[in-house]
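The primary structure of each chain is shown beneath.
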Amino acid sequence: HVQLVTSVGGLWQPEGSLRLTCAASGRVLRITDIGWSSRRPGNQRELVATWRSDGSTDYADSVRGRFTISRDNAKNTVYLQMNNLKPEDTAVYYCNAHIGTYEDATPHDYWGQGTQVTVSS
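So, a few notes on the structure that sits alongside this text. (Residues numbered from 1 in each chain as written. Predicted model: local features only at pLDDT ≥ 70, side-chain atom pairs only at ≥ 80, totals over all residues. Heavy atoms only, no water.)

1. Details of the overall build of the protein
What the protein contains, in helices and strands, is zero helices and eleven strands. The globule rule puts the C-alpha radius of gyration for 121 residues at 14 Å, and the 14 Å found for the protein is close to it. Looking at the protein as a whole, 39% of its 121 residues qualify as buried. Partitioning the contacts of the protein with sequence separation of at least 6, the portion at a separation of at least 24 is 56%. In the form shown here, the protein has an accessible surface area of approximately 6,500 Å², with 47% of it arising from carbon and sulfur atoms. Here the protein contributes 12 positively and 12 negatively charged side chains, and the mean placements of these two sets differ by 3 Å. (Helix = DSSP H or I, 4+ residues; strand = E, 2+ residues; numbered from the N terminus. Rg over C-alpha atoms; globule rule 2.2 N^0.38 Å. Buried < 20%, exposed > 50% of the residue type's maximum accessible area, 1.4 Å probe, protein only. Contact = heavy atoms within 4.5 Å. Areas by Shrake-Rupley, 256 points an atom, 1.4 Å probe, with all protein chains shown as cover. Lys, Arg positive; Asp, Glu negative; His and termini not counted. Charge placed at Lys NZ, Arg CZ, Asp CG, Glu CD.)

Below is the structure:
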C-alpha cells in the first residue's frame, strides 16, 4: 500500500524560506509525474508546480521564480523549495505523484495528506 507523507508546514515570516518534503512509502517501483497544489481558504485547489514525466516543469505565475519543485528518485521523495514567502502563499499544500508499484506497474495518482503553511509577521 503506497502512501505519500508530507512534512509539516508551519508558521513562517514573509521573505522566509521553507522546503516541503513528500515521501512515498510502500512498494514503489517508479514515480513519473509529480506535483504540488495549494488550497487557500474558500478557494479550490490550484496547481503550484509540476514535474512531468518528460522532464519539463511548470509553475503557477504567482510562484514562478520563488518556488522550485525537485525530486530524489533514490529516496522516492519530492520537494518544494519555497523562497521569498508572501502572506498570499498561506494555504494547505498537497503533493501528488503518479506511482507504479511492484504489484501494478501502471502509474496511478496518489495524494499526500496536506500540510498547512501560514506566512505572517
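2. Looking at the sheet that holds strand β1 (residues 3–6)
If you trace the four strands from one edge of the open sheet to the other, you get β1-β3-β8-β7, paired in antiparallel fashion. One side of each edge strand has no neighbouring strand; the edge strands of this open sheet are β1 and β7 (67–72). On average, adjacent strands in this sheet sit at an angle of 15° to one another, irrespective of strand direction. Across six bridges, strand β3 (residues 18–25) lies against strand β8 (residues 77–82) in antiparallel orientation. In the sheet register, A23 faces β8, and the bridge partner there is T77. (Pairing = 2+ DSSP bridges. Axes fitted to C-alpha atoms, helices over the stretch in contact; angles between N-to-C directions.)

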